[in-house]
Amino acid sequence: MFAIRRSIVPLTSSIFKRSMITAQAVLYTEHGEPSDVLFTHKFSIDDDNLKSDQVVVKTLASPVNPSDINQIQGVYPSKPEKTLDFDTEKPAAPCGNEGVFQVLKVGNGVSDLAVGDWVIPSQVNYGTWRTHALGTSSDFIKLPNPDQSKSNGKKQGLSINQAATISVNPLTAYLMLTHYLKLAPGKDWFIQNGGNSAVGKYASQVGRLLNFNSISVIRDRPDLDEVKKELEQLGATQVITEEDNASKEFGGQIKSWVKETGGELKLALNCVGGKSSTGIARKLGNNGLMLTYGGMSKQPVIIPTSLHIFKNFTSAGFWVTELLKNNQELKSKTLKQIIEWYENGELKDAPSTHVEFDGNDLAKLYQQGITDSKKGKQLITYK
Ligand SMILES: NC(=O)c1ccc[n+]([C@@H]2O[C@H](COP(=O)([O-])OP(=O)(O)OC[C@H]3O[C@@H](n4cnc5c(N)ncnc54)[C@H](OP(=O)(O)O)[C@@H]3O)[C@@H](O)[C@H]2O)c1
């Protein structure tokens, strides 16, 4: 997968006596619980002998996402290949899918990237839990770094958090809202459960920016009013609870909201499953589409037969990895839109706790990040 073998040398090699970059990566040789199977591997990158198309990058930040953990456990359908490219004794796989790097050096044939550029991996499974990488320019997609945004006259540059987490959640929200159905701005509606999730917050904001009306369903909680207010400020037109979503009587309220705008409730976004998915599916008008992109309740999606027969309801899955795997054009177009909104200050990123790598054991740091991710998104940053 990586064209790096010849330029990566183990630390024990005699070549190491020359000046080279000492890198670390978090790897595993067997699937299992991250606390059992992750280890830190040190290697050197010979940056004095780059091939013409090669690029050396340093990591600026990489998050811990639920799918990263599932990959290590071996329960996620898309996985990195185990490889000897890192000069490990046994084939090992790198961890981490998202992250932002800064270009340190480029080969003499590279014209699309320059030293100082910010880049993200062009494909999933690149392995972003590492200090450095050696790849080819086609392994990366360029993002504007803050200096470049400034010199292009933009209101602001991307933050580290925005750049490191740009390729999954914002793209998921944008594509679910635009790629399958055409919602009429100002008129049509979508409904989503998990309205308080990171993807849900992006969907509310994208909805506002594209002028789509939206209903966000959230679980009841002691600070319900505060959370409702926050989601409405982000862009949700209405915020309701799971109890409202489950109630037949509340259906009338939703119908009157939709009637007021003269549109239809066409699209449902489901990341919960179970009764919550039944509730949002029931709210759709005729010919509605529900996209299931997550299963947080671990319950199956439950759809009444009558919705299929009498309302021509469609239930489909959404997986950003599969959609964009062979469609770089759609990925670039979507990224461009998200970058523009970030640079204009029109889109807020999902906050994360930043933990800086102190140069010690990288695997331990991500293992702690995995534990702490139950309390909120963790972003490992590098000096
Ligand atoms: N298919 C794709 O391409 C794709 C892309 C991105 C993300 N995803 C998936 O989308 C989901 C959300 O991801 P995220 O990063 O946005 O998550 P997140 O920010 O961690 O939010 C998790 C959400 O799930 C809700 N939740 C958790 N357990 C629940 C339960 N038992 N019943 C009802 N709601 C529950 C939480 O509600 P509370 O606030 O009430 O706890 C919260 O709204 C995950 O399943 C993720 O894997 C899929």
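Quick notes on the rules
- Residues numbered from 1 in each chain as written.
- Predicted model: local features only at pLDDT ≥ 70, side-chain atom pairs only at ≥ 80, totals over all residues.
- Heavy atoms only, no water.
- UniProt positions renumbered as here; feature names shortened; annotations may be inferred.
- Helix = DSSP H or I, 4+ residues; strand = E, 2+ residues; numbered from the N terminus.
- Rg over C-alpha atoms; globule rule 2.2 N^0.38 Å.
- Buried < 20%, exposed > 50% of the residue type's maximum accessible area, 1.4 Å probe, protein only.
- Contact = heavy atoms within 4.5 Å.
- Areas by Shrake-Rupley, 256 points an atom, 1.4 Å probe, with all protein chains shown as cover.
- Lys, Arg positive; Asp, Glu negative; His and termini not counted.
- Charge placed at Lys NZ, Arg CZ, Asp CG, Glu CD.
- Pairing = 2+ DSSP bridges.
- Right-handed = clockwise from strand over helix to strand, strands pointing away.
- Axes fitted to C-alpha atoms, helices over the stretch in contact; angles between N-to-C directions.
- Parallel < 35°, antiparallel > 145°, perpendicular 65-115°, else oblique.
- Left-handed = near helix turned anticlockwise from the far one by under 90°.
- Nonpolar A, V, L, I, M, F, W, Y, C, P; charged D, E, K, R; others polar.
- Near = heavy atom within 4 Å.
- Polar contact = N/O pair within 3.5 Å; in protein donor to acceptor, adjacent residues only side chain to side chain.
- Domains from an automatic or database assignment.
- Buried area = accessible area lost by both parts, 1.4 Å probe.
- Salt bridge = Lys/Arg side-chain N within 4 Å of Asp/Glu carboxyl O.

The chain carries the name enoyl-[acyl-carrier-protein] reductase in an unreviewed UniProt entry, which gives Candida theae as its organism. In its Sequence similarities (unreviewed entry) section, UniProt records this for the chain: "Belongs to the zinc-containing alcohol dehydrogenase family. Quinone oxidoreductase subfamily."

A. How the structure looks around the overall build of the chain. Assigned secondary structure in the chain consists of 14 helices and 17 strands. The C-alpha atoms of the chain give 23 Å as radius of gyration, which agrees with the globular expectation for 383 residues (21 Å, within 12%). Across its three principal axes, the chain shows a C-alpha extent of roughly 75 × 50 × 40 Å. Every one of the 383 residues in the chain was classed for burial, and the buried ones make up 54%. Here the analysis covers contacts within the chain between residues at least 6 apart in sequence; of these, 73% occur between residues at least 24 apart. When the accessible surface of the chain is split by element, carbon and sulfur atoms take 50% of a total near 17700 Å². Computed over 43 positive and 40 negative side-chain charges, the inter-centroid distance for the chain is 3 Å.

B. Structural detail: the pairing of strand 13 (residues 265–270). Along strand 13, five of the six residues are buried, which leaves the element largely enclosed by surrounding structure. As judged from the four bridges shared by strand 10 (residues 189–192) and strand 13, these two strands associate in the parallel manner. Bridge pairing in strand 13 places Trp189 opposite Leu265. Inspection of the sheet shows strand 13 paired to strand 14 (residues 289–292) by four bridges, in the parallel sense. Within strand 14, the residue paired with Asn270 across the bridge is Thr292. With helix 10 (residues 274–283) bridging strand 13 and its parallel neighbour strand 14, the resulting β-α-β unit is right-handed.

C. Quick look at the packing of helix 5 (residues 169–178) against helix 6 (residues 198–209). Where helix 5 meets helix 6, the axes come as close as 8 Å, and the angle between the chain directions of the two elements is 50 degrees. On the basis of the axis angle, helix 5 is oblique to helix 6. Handedness of the crossing formed by helix 5 with helix 6: right-handed. Every residue of helix 6 that contacts helix 5 at Asn169, Pro170, Thr172, Ala173, Tyr174, Met176 and Leu177 is listed here: Ala198, Val199, Tyr202, Ala203, Val206 and Gly207. A breakdown of the residues in the contact of helix 5 with helix 6 according to their chemical character gives ten nonpolar, three polar and no charged.

D. Layout of the pairing of strand 11 (residues 213–218). The buried fraction of strand 11 is high, at six of six residues. Judged from the four bridges that link them, strand 10 and strand 11 form a sheet pairing that is parallel. Across the sheet, residue Gln192 finds its bridge partner in strand 11, namely Ser216. Each parallel crossover has a hand, and for strand 10 linked through helix 6 to strand 11 it is right-handed. Where the polypeptide runs from strand 11 across helix 7 (residues 224–234) and back to strand 12 (residues 238–241), its parallel neighbour, the crossover connection is right-handed.

E. A look at the sheet that holds strand 15 (residues 314–317). Strand order in the open sheet formed by six strands is 12-11-10-13-14-15, and the pairing between neighbours is parallel. Looking at strand neighbours, the two that pair on one side only are strand 12 and strand 15, the edges of this open sheet. On average, adjacent strands in this sheet sit at an angle of 20 degrees to one another, irrespective of strand direction. Sheet analysis places strand 11 next to strand 12, joined by four bridges and oriented parallel. Its bridge partner lying in strand 12, Val217 is registered against Ile240.

F. Region of the structure containing unusual backbone geometry. One non-glycine residue, Asn125, adopts positive backbone phi at about 65 degrees. Asn125 gets classed as buried once you look at its relative accessible area, which sits at 8%. A positive phi is found at Asn287, a non-glycine position, where the angle reads about 65 degrees.

G. Main features of the site of the ligand. The immediate surroundings of the ligand are formed by 19 residues, with Ala198, Arg219, Arg221, Phe318 and Val320 found nearest. Contact distances for the ligand include 2.9 Å between an oxygen atom and a side-chain N or O atom of Asn196. When the ligand sits alone it has 930 Å² of accessible area, and the protein chains cover 73% of it. Here the shell around the ligand is built from residues that sort into nine nonpolar, seven polar and three charged.

H. Geometry of the domain arrangement of the chain. Looking at the chain, the domain boundaries give domain 1 (5–165 + 352–381) and domain 2 (169–321). The gap between the C-alpha centroids of domain 1 and domain 2 is 35 Å. Summed over both sides, the interface between domain 1 and domain 2 buries roughly 380 Å², with carbon and sulfur atoms accounting for 57% of that surface. Interface area lost by domain 1 to domain 2 is led by Tyr76, Val124 and Thr165, which between them contribute 60%. Across the contact surface, domain 1 and domain 2 share zero salt bridges. Taken together, domain 1 and domain 2 are joined by one residue pair in polar contact (both at pLDDT 80 or more). Here the side of domain 1 that touches domain 2 is built from residues that sort into three nonpolar, two polar and one charged.

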